[in-house]
Structure formats: C-alpha cells, structure tokens
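Structure at a glance
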Amino acid sequence: MVLAIALGVTVSGGCATFSRDAGFGTVERLAGERLDKDVKWQRSDDDHGSVRSAVKEFLSSPLSIDNAVQVALLNNPGLQATYSELGIAEAELVQAGRVTNPHFSYRRTSEGGERKIEWALTFPLVDLLTMPLRTRIEGRRFEQVKLAVAGRMLDVAAAARKSWIEAVAAEERVRYLEQAMLAAEASAELADRMERAGNLNRLDRMREEAFRSGMSARLSDARREAVTDRERLTRMMGLSGSDIAFRLPGRLPELPADKADLGELEARAMTGRLDVRAAALETERLAESLGLTRATRFVDVLELGPAATKEDPAPWKRGFEVSLQLPVFDWGSARVSRAEAIYMQALHRVAETSVNAGSEVRNAWSAYGSAYDVAKRYRDEILPLRKRIAEENMLRYNGMLIGVFELLIDAREQVEASIAGMDALRDFWISEANLQAAFNGPQGANP
Amino acid sequence: MMSRRQFLIGSGAALAGAALVSRAQAASLPEAPVLEKAATQPPLIPPNGRPYQPVVTLNGWTLPWRMKAGWKEFHLIAEPVRREIAPGMTANLWGYNGQSPGPTIECVEGDKVRIFVTNKLPEHTTIHWHGVLLPNGMDGVGGLTQPHIPAGRTYVYEFVMKHSGTFMYHPHSDEMVQMAMGMMGFIVVHPKDPDRYRVDRDFVFLINAFDIEPGSFTPRVNTMLDFNTWCWNSRVFPGIDPLVVRMGDRVRIRMGNLTMTNHPIHIHGHRFSVTCTDGGWVPQSARWPETTVDMPIGSLRAVEFTADAPGDWAFHCHKSHHVMNAMGHGVPTMIGVDQRGVAEKINRLLPDYMAMGERGMAEMGEMEMPLPDNTLPMMSGQGPFGPLEMGGMFTVVKIRQGLARDDYNDPGWYRHPEGTVAREWAGEEK
Ligand SMILES: [Cu+2]
C-alpha cells in the first residue's frame, strides 16, 4: 500500500519534462520587448548558417548602432555560451522531478548447512514526499536562470551599444584632429616659407614647428585609441576574418529633438528591472526551501521499501524495511535557523535591490538629462557661435585686420570645439545606453 | 538714435529747440539748431551783425546765432551723437548740436559773444575756448576757473572777441574721454575790416582720431597712440568732401590738431605759406613757402595759396598710416612668400580663405571683400584711372576754371588736356 502511494506520488508529482526551447522564449521575449531585436541560440549547423548570412548582410553597409547591437546579439560567442546555462538549469529541474532510483539489496548467507537469503527493494521515501516542493524550488531556480541569461543578453546589447558609440566617436575624433593637423601643417609650412623669405624669425618659426609636432603626436594617439575602440566593438560582435573590415558611419546619430519622457521612473524600475524580479524569485525559492527544511528537520534519510527474508528451509518472510536516521545529536534546529537566516537575508536583499534600483534609475536619468543639456548647448549655441566667430575672423582677415596665423589658430580652436561637441554628443548617447541599462538592472550575477 | 530735424543753412533754417531745456529757460535762450547730415554745408552768409567773408567747414557747418542787445548769442548743446565717418561706417560719438565736431562758431573781432552751453551728456563738462584771449573765469577749465557744468544744466560764457584769428573749442572736463569721444569745434574770428586778410575760399577742419574696433561703433577712449580712424572733422576718405576751388582763387585752409600726434599735411601742385596760428596772424616777413605743414599737437595753422594750377590735387597727411583706414598692425608681412600649396591646404579648412599680401597690399584697394560690420576697407576710393588705395586723412583739392564765386559743388574728375597724363612708353614717336 505504501508502495502504491509512493508510486502514485511519483506519477502525479514528477511532472517536470524538457521543454522544446529550454526557456529561450523568455530571452527572446525580453529581446523583442526591450531591444526590438532578434536573438538566436545557435544549436545546429542550420542555425549557424542563417546567423552567418544575416551578419554578412548587416555588415554590407555602414553599420548603424542598431545593427551593431543586432549582430552582437546574434553572434557574440560568450552570449551563446550563456544560453547553454538554460539547458543546464532545465536539466536540473527535470532531475528534481525524478525520484532517486529504487534501491535493491540482496544478501545470501550460509552458515553450516543453513542458507539465508535476504532481499529488499527500498525507495527514497523522502524524495517522493518532498518531490513537489523540490520541483517547485527547481522551477523557480530555472526561472532565475532564465532571467539571468536574459540579463546577460541585455548586457551584451548594452555593451555593444556603448562600444559602437565609442568606436564611431573615436574615428570621428581622428578626422577632426586630421583637420587640426592640416591647420598646424599649414602654419608650420607658411612659417617656414616666411623665414626663408626673410619675413619671420627662427624663434617664431620654431614655435609653429613645435606645434605641428605636438599635434602630430596627438593624432597618433587618437588613431591608436580608435583602433582599441573598434576592436572592442569587433569583439562584442564576435567578428573575425574578413568581417572585421566592417564600415562605421562618419558620425554619431543626431541629438534627439527632445529628451525622453519616462514618466514614473521608479515604478518602471520596480516592474522592469530583472534584478528586482530575480531577487523576488529568490525569496520565493528560499521560502519554499525553508518549508522543506522544516518538513525534514528530523528526517535525514528515510527510506522505505518491501523486504523479504528466507531462511531455509523456512518459507519467505515478507515485510517492509524502514531505515531511519534519528537526529540524536542534530535536532535540525541549526539547519532551520540557517535557512531562516538565509531567507531573512534574501528579504533584505530584495529591499536593497529595490532601493538601489530606484536610486540607480534616478541617477542615470539625471546623468542622461544633463548630458542631453550639454550636448544641446554645444549643438545649438557653442558650435554655431564658433562658426560665426570663424566667419567674423574671415571678415577681419579680408580687411587685413588680422593675419593668416590668427585665422589658422582660430581654425584649430574651431576644431577643438567640434571635438568637444562630438564628445558631448557621445557622452549623451553613452548616458542614454546607461539609462536603458539602469532600467534593466545590473546583470551578470549568477542566481 | 535721436530723432532730429535736418537743419539746412541757406534754404530757410529749420530750427529745433533743445528738448531738455525748461520752458522758463527756453524763453530766454537762443535756439540751438542741430544738423543731421555729414555733408559740407554752404557758407553761412551773416544775416546780421558785422559783415565778414564766411568760411566753409569741411563736412560741417556754421552755428547760427541771434543778436540780442548788442550781444551775439550762440547756443551749444553737448550731447551724444551719431556721426557717419564715411559711407558704410557710423560712430557713436559725443559732440555738439547733432554733430562731431560741433558747428563752427564764426564771429568778428570786437564782437561781444554770449555762448550758452547746455549739457546733455551723462557727465559734467565745460568748454575751453582754445587760443581765445578772454577773462580768466571764462576760460572753461573745470575746477580751476569755473565749476564743471553738471549734466542737465546750462551755463553761459560771455566775452569779447578781442583778436581775429583761428581758434577752436573743446572740453576741459574729463578731457581725455570727451575729446576721445569727438567733442570739439572750430572758432573763426574774422577781422573787423572784411578786406583784411581776405581770401576767396576759406576752408576749416579739425584733425581728430578715434580708435574704433572693426565691427563696433563707440571709440575706445583709453587708447593712447594706436588709433585706427584718422579723421578730418570726424570723417575719413572716401568720406571727406573735396575742397572745390575756382581757378585763380586765393585759398585759405585752417586746420586744428586735436589728436595725440603731429600730422605733416601736404598739398600737391601748389606751394603754401602758414599765415595764421592759434597765436595770431603771421607777419608777411615771417612766412616761408612750403608744400607740407607739420601740425603740432593741440595747435592750429592756416595755410594760404593761390590756386593757379587746374586739376585734382591730392591733399593729405604724409604719415602713410594716416591715409589708411582700420588695419591690423600685427599682420605678418607676406611679401615674397610663395603661398601656393599652403593656400589650398588652408582652403580645405577655410573655403573662403584667399592668400593675400604676397605681392604687397595693393590688391586691398582693388578687391571688394566682405568686411566686419561698420568697417571701412583699409584703403579704397575709385578715381578716374583706377583704385585710389587711400583712406583716412586724404582728400582732393579740385581746381577748375569758371566756377561761380560761391559754388562749392563737386565738379567731378578733372579732364586732362590731351597729352598731359603720364602714359606707357611705347617707343620713340615718329
Ligand atoms: Cu597724420
């Protein structure tokens, strides 16, 4: 009868089976909802081939920020590795739904002419009794893994985004510095010719020369940085071989007409952040596991199974064999208080996570707002002013009120202002990426 | 800008009262006419008082007066004005009766003059009558001989013009600023006998200088020597009217120097003598011929010559920087510097850039390139044979046959008789 009950539990409670996508749907849904992008778990040659051709297509024209993110999501090898965690977690869940294999023992002894045969078939009864609970726990754990994997996916998206911004900005900076270099070269060359014509002294000529050398060093530095930034993007997109020749657009996207209006920041953080959701799941899991610990505090191993003995020539004696480990010294209270402490800890972690989430979102929002204002000031005031200053200077040059060197110095200052304006725009886009990341929460922590 | 009615001498004076003066005061004050335009006005034929041969103020005018119980009464209003320096450039100055310099005061030896001075400046002022011999308390030195005239008040000066000659007026109160802002005017005292020292044409102007940053309107009052707007009567070439002269006329040019440097003023085609200073008339025996007169700082000179050579004769300061308009004194010399290649490089940065100065600066006089607002080209003006390449203290004495006595209208460019213009040498003529 007990056996029947135990088997019944096995049938009704061990419901976990392997899903078709190992929970990848959650990742896909988050990618669609939050990034408006496709993700692909490359598990077959077909998958691999379709990703390859999609990536080729994306790289065939100057790479936009969205396409860079898309390529990273399809092709980042680290992300693909992370997807496998879904499979691992699901396997554990399925495992939790299965009972430890029944234990069969058989003993045969002969003492003089007397033979003795004992056999027993035992089931891990506790497994059976606690299976529903454990399945629920592993189910939540699987949910957490799904969230974590999705989080890693968002991480990759955010990192790809930032890498793209840095790489484009670095190339743009190089082009600006090439212009400043042009001005420095023109100054130095003119100074040189003026010295040879007898119109300039050596000291002044050398000053121009020194400036050219300094500018040249700065340009080399900027070129090196541009390579570093581009390689980071290349890694994010998982590119190698001929793919690394991808082209980037000449400039960062324009500043949006208006700042994003995000309404109730904190409410959005609470509902949207994966870390808040993961922390909540963790408390639920721990609550279940606390219940489990309570239920099993006196029982470490309780095994139950049919047993039979036969002492020749006596007939078989049937019965049950129950082995029970009694907590003679370990009354289980320590384990319960540990579980309780862990549960309380998790509760506090949830509180911490939500407080931090609100603060981080507010902080990211403030950074976003001020970066927008700075970039806008550059776009609407500083750069137009610099342009008009350059025009006024040209008028003064026309009137022989200033000389060509002043014109060139101003041209260099204009370039510097353009660089500063581009930096401000880059900082804005980074702050925008950070804001999005703040809504998703910090990722990468294993459940 | 202040709204003013134009004052036209000779065509029925339209007189505008001083708005600031109270009704009670106004009843006893003579009119204070103002002039808006900067063109040379015809001489003011004296309508009353002792007769005299009037002067012509270059790009200026003579202040009308009224006779009251034997006193010749003038009314000067010290006030901010806007003056056209030349077409294309206007300056925010301080002056008198709508103009800088103020109107010329003309009177006759022995005249009892009463000059009302209404101060519409934002600060106190006085007027010193430079070179005029008068009672100490009328000398106009603020703090020394009289209280400064507070803003909004009217003071009166009364004295007798004891000597004929060439004089000027200017403030002696925050003097540096007020003169740097253009406060000054000419005084001519004619001899009692109109035939004494008589000439046919008598021109007057003050030499003054401003430092007006290209693109701005108000002079920098703290500049000591590095001025950029070298003026005659607050005008620069090509804004200075020509001195129109009838062939054979006896011509006098009276000049006063209120800049901070001397000016060697030079005439072409004629010789002149200095006949009068702010100290009085030069005896015949002390005169010597010259073509250049050095104008010391703070003094006046009258030169005279007979216009015996027809033509368009240059008349200018001989300091070559003074026949230029605003220019950069720190601009590097590019003469002989081959800018090919470099210019293209600069063009990639600054598409409007044009290499200049490689073959001198004459191209400045030829090219019309956009300049900062309210700025005149460094050198400009077109003559009958091409660009004049002049600015600042430069004009032309135009001597023509057959002009009417009182005709000061610009007769246009001189038409040279056949074969009297320098020409390209084309080999021996057959
Ligand atoms: Cu001069």
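Just above, that's the structure.
1. A closer look at a nonpolar patch on the surface
Residues and elements named next belong to chain B.
- Where nonpolar side chains cluster on the molecular surface, the patch consists of Met176, Met224, Leu225 and Met260 and spans about 420 Å² of accessible area.
- On the secondary structure map, Met176 appears in helix H2 (residues 175-180).
- Of the residues examined, Met176 reaches a relative accessible area of 44% and is grouped as partly exposed.

2. A look at the coordination of the copper ion
Residues and elements named next belong to chain B.
- Protein-derived coordination of the copper ion comes from His263 (ND1), Cys317 (SG) and His322 (ND1), at a distance range of 2.0 Å.
- Summarised as a motif, the one-chain spacing of the donors to the copper ion is H-x53-C-x4-H. Of this pair, His263 sits in strand E15 (residues 263-267) while Cys317 sits in strand E21 (residues 311-317); the two residues are 54 residues apart in sequence, bridging distant segments of the chain. We note that His263, like Cys317, is buried.

3. Observations regarding helix H11 (residues 404-440) of chain A
Residues and elements named next belong to chain A.
- With 37 residues, H11 extends 54 Å between its outermost C-alpha atoms, agreeing within 8% with the 54 Å of an ideal straight helix rising 1.5 Å per residue.
- Where burial is concerned, most of H11 is hidden: 27 out of the 37 residues are buried.
- One or two steps after H11, the chain reaches Gly441, where phi turns positive at roughly 90 degrees.

4. Considering the packing of aromatic side chains
- Across all of its chains, the model carries 21 aromatic pairs over all chains by this definition.
- Geometrically, the ring pair formed by B:Trp129 and B:Phe159 is tilted, given 5.8 Å between the ring centres and 50 degrees between the ring planes. Highlighted residues: B:Trp129 in strand E7 (residues 128-130) and B:Phe159 in strand E8 (residues 154-160), separated in sequence by 30 residues. You'll find B:Trp129 and B:Phe159 in the same group, each marked buried.
- Ring geometry for B:Trp129 against B:Tyr169: centres 5.9 Å apart, planes inclined by 45 degrees, an arrangement best described as tilted. Of the two residues, B:Trp129 is situated in strand E7 and B:Tyr169 in strand E9 (residues 165-170); the sequence distance between them amounts to 40 residues. Judged on exposure class, the residue B:Trp129 and its partner B:Tyr169 are both buried.
- Among the aromatic residues, ring-to-ring pairing joins A:Trp365, A:Tyr368, A:Tyr372, A:Phe428 and A:Trp429 into one connected group.
- Residue placement shows A:Arg412 over the ring face of A:Phe211; its charged tip is 3.6 Å from the ring centre.
- When the ring centre of B:Tyr408 is taken as origin, the NZ or CZ atom of B:Arg201, which lies over that ring, is 4.6 Å away.

5. Here we look at the interface of chain A and chain B
- Across the contact, 27 residues belong to chain A and 35 residues belong to chain B.
- Where chain A abuts chain B, roughly 2700 Å² becomes buried across the two surfaces, and 72% of that area is made up of carbon and sulfur atoms.
- With a shortest N-O distance of 3.0 Å, A:Glu189 and B:Lys345 are connected by a salt bridge.
- On the surface where chain A and chain B come into contact, there are 10 residue pairs in polar contact (both at pLDDT 80 or more).
- Taken together, the elements giving at least two residues each to the side of chain A that touches chain B come down to helix H6 (125-197), helix H10 (333-398) and H11 of chain A.
- If you tally residues by element for the side of chain A that touches chain B, the top one is H6(A), at 10 residues.

Definitions and limits used
Residues numbered from 1 in each chain as written. Chains lettered and ligands numbered in written order. Predicted model: local features only at pLDDT ≥ 70, side-chain atom pairs only at ≥ 80, totals over all residues. Heavy atoms only, no water. Patch = residues over 30% accessible without salt bridge, like charges linked within 9 Å, V, L, I, M, F, W, Y side chains within 5 Å. Areas by Shrake-Rupley, 256 points an atom, 1.4 Å probe, with all protein chains shown as cover. Salt bridge = Lys/Arg side-chain N within 4 Å of Asp/Glu carboxyl O. Helix = DSSP H or I, 4+ residues; strand = E, 2+ residues; numbered from the N terminus. Buried < 20%, exposed > 50% of the residue type's maximum accessible area, 1.4 Å probe, protein only. Donors = N, O, S within 2.8 Å, 3.2 Å for Na, K, Ca; no water. Expected span 1.5 Å × (residues − 1). Phe/Tyr/Trp six-rings, centres within 6.5 Å; stacked < 30°, edge-to-face > 60°. Lys NZ or Arg CZ within 6 Å of the ring centre and 35° of its normal. Contact = heavy atoms within 4.5 Å. Buried area = accessible area lost by both parts, 1.4 Å probe. Polar contact = N/O pair within 3.5 Å; in protein donor to acceptor, adjacent residues only side chain to side chain.

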